[in-house]
Amino acid sequence: MNAQRVRLVRPADRRRPAQQTPGMSREEAVAAGGRWVGLVHTEPGMASAWHHHGGHDTYVYVVSGRFRLESGPAGAEVVEAEPGDFLHIPAGAIHREATAGGERVEAVVFRAGAGEVVVNVDGPAPADARRSDG
C-alpha cells in the first residue's frame, strides 16, 4: 500500500516558473517525475513568442476564452479551441499561442516527458524550407 499523502494546491500555492514565454503567463501547480501541471493565461489581443516543450508531450484543456495555436511551416497550421476542448501538442512541436477573441484565455496544461519544459525559439521553419534526406 502507498503511504503517500494527498496534496492540495491552492491558487496562492502555485508558482511562476523561471522559464516563461513572452505574451503568456504560466503558473505551476505540480512538477514531479517528468510531469508538469499548471495553468496558462494569455491576455486579449496577445500572442506568445514561438517556443516548444522539448521532450514533453503537452495536453491543454481550455477553460475560458478562444485559444488559437499556430504551428507547422511558417506557422501556417492554425487550430482554434474553445472552452471544453482539448489540444495535444507533440514533443518538440514549435508553436505559439494567442487569443482568438476579445477575452482572456485560461487553460489547464499537463506535460509528460523529459528535459527542459519550455524552450523559446526564433520561430518555425519557413514554408518553403526543403528537407534533404541525403
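Scroll up for the structure.
Now for a description of the structure that goes with this document. None of these values were measured; they are calculated from a predicted model.

1. A closer look at the overall build of the chain
Then, number 1: Of regular secondary structure, the chain possesses 0 helices and 10 strands.
Then, number 2: By principal-axis analysis of the C-alpha atoms, the chain measures approximately 55 × 40 × 25 Å.
Then, number 3: Counting across all 134 residues of the chain, residues that qualify as buried make up 32%.
Then, number 4: Expressed as a percentage of contacts within the chain between residues at least 6 apart in sequence, the contacts between residues at least 24 apart total 70%.
Then, number 5: For the chain, the accessible area works out to roughly 8,000 Å², and carbon and sulfur atoms hold 52% of it.
Then, number 6: In the chain, the 15 positive side-chain charges and the 17 negative ones have mean positions that sit 7 Å from each other.

2. Focus: unusual backbone geometry
Then, number 1: Phi at A74 is positive, roughly 60°, even though this residue is not glycine.
Then, number 2: Looking at where A74 falls in the secondary structure, it is placed in the loop between β5 (67-71) and β6 (77-81).
Then, number 3: Given a relative accessible area of 46%, A74 falls into the partly exposed group.

3. Regarding the packing of aromatic side chains
Then, number 1: On inspection of all chains with the given rule, the structure shows 2 aromatic pairs.
Then, number 2: Seen from their ring centres, Y59 and F110 are 6.2 Å apart, and the 35° between their planes marks the pair as tilted. Of this pair, Y59 sits in strand β4 (residues 57-64) while F110 is found in strand β9 (residues 105-112), placing the two residues 51 residues apart along the sequence.
Then, number 3: When its relative accessible area of 34% is taken as the criterion, Y59 is described as partly exposed.
Then, number 4: Seen in terms of ring centroids, Y61 and F86 are 4.8 Å apart; in terms of plane orientation they differ by 50°. Their pairing is tilted. Of this pair, Y61 sits in strand β4 while F86 sits in strand β7 (residues 86-89), placing them 25 residues apart in sequence.
Then, number 5: When the ring centre of W36 is taken as origin, the NZ or CZ atom of R111, which lies over that ring, is 4.9 Å away.

4. What about the pattern of salt bridges?
Then, number 1: Evaluated as defined, the whole model comprises 7 salt bridges.
Then, number 2: Between E27 and R14 there is a salt bridge whose closest N-O contact spans 2.7 Å. Taken as a pair, E27 in strand β1 (residues 25-32) and R14 in the segment before β1 lie far apart in primary sequence, 13 residues in all.
Then, number 3: The class for E27 is buried, based on a relative accessible area of 19%.
Then, number 4: Here the residues in one salt-bridge network are R66, R68, E70, E80 and R96, joined through shared partners.

5. Quick notes on the pairing of strand β2 (residues 35-42)
Then, number 1: Across the 8 residues that make up β2, a large majority, 6, are buried.
Then, number 2: Pairing between β2 and β9: 8 bridges, direction antiparallel. Across the sheet, residue T42 finds its bridge partner in β9, namely V105.

6. What to know about the nonpolar core
Then, number 1: Counting residues in hydrophobic clusters, the biggest one holds 13 residues, and the most contacted among them are V40, V60, F67, A81, L87, A107 and V109.
Then, number 2: Breaking this core down by element, the ones donating at least two residues are β2, β4, β5, β7 and β9.
Then, number 3: For this core, the element with the most residues is β9, which contributes 3 residues.
Then, number 4: Beyond its immediate stretch of four places on either side in the chain, A81 contacts V62, G65, R66, F67 and L87.

Rules used in this analysis
Residues numbered from 1 in each chain as written. Predicted model: local features only at pLDDT ≥ 70, side-chain atom pairs only at ≥ 80, totals over all residues. Heavy atoms only, no water. Helix = DSSP H or I, 4+ residues; strand = E, 2+ residues; numbered from the N terminus. Buried < 20%, exposed > 50% of the residue type's maximum accessible area, 1.4 Å probe, protein only. Contact = heavy atoms within 4.5 Å. Areas by Shrake-Rupley, 256 points an atom, 1.4 Å probe, with all protein chains shown as cover. Lys, Arg positive; Asp, Glu negative; His and termini not counted. Charge placed at Lys NZ, Arg CZ, Asp CG, Glu CD. Phe/Tyr/Trp six-rings, centres within 6.5 Å; stacked < 30°, edge-to-face > 60°. Lys NZ or Arg CZ within 6 Å of the ring centre and 35° of its normal. Salt bridge = Lys/Arg side-chain N within 4 Å of Asp/Glu carboxyl O. Pairing = 2+ DSSP bridges. Core = buried A, V, L, I, M, F, W, Y, C linked by side-chain atoms within 4.5 Å.

Purely spatial values, then, with no claim about function.
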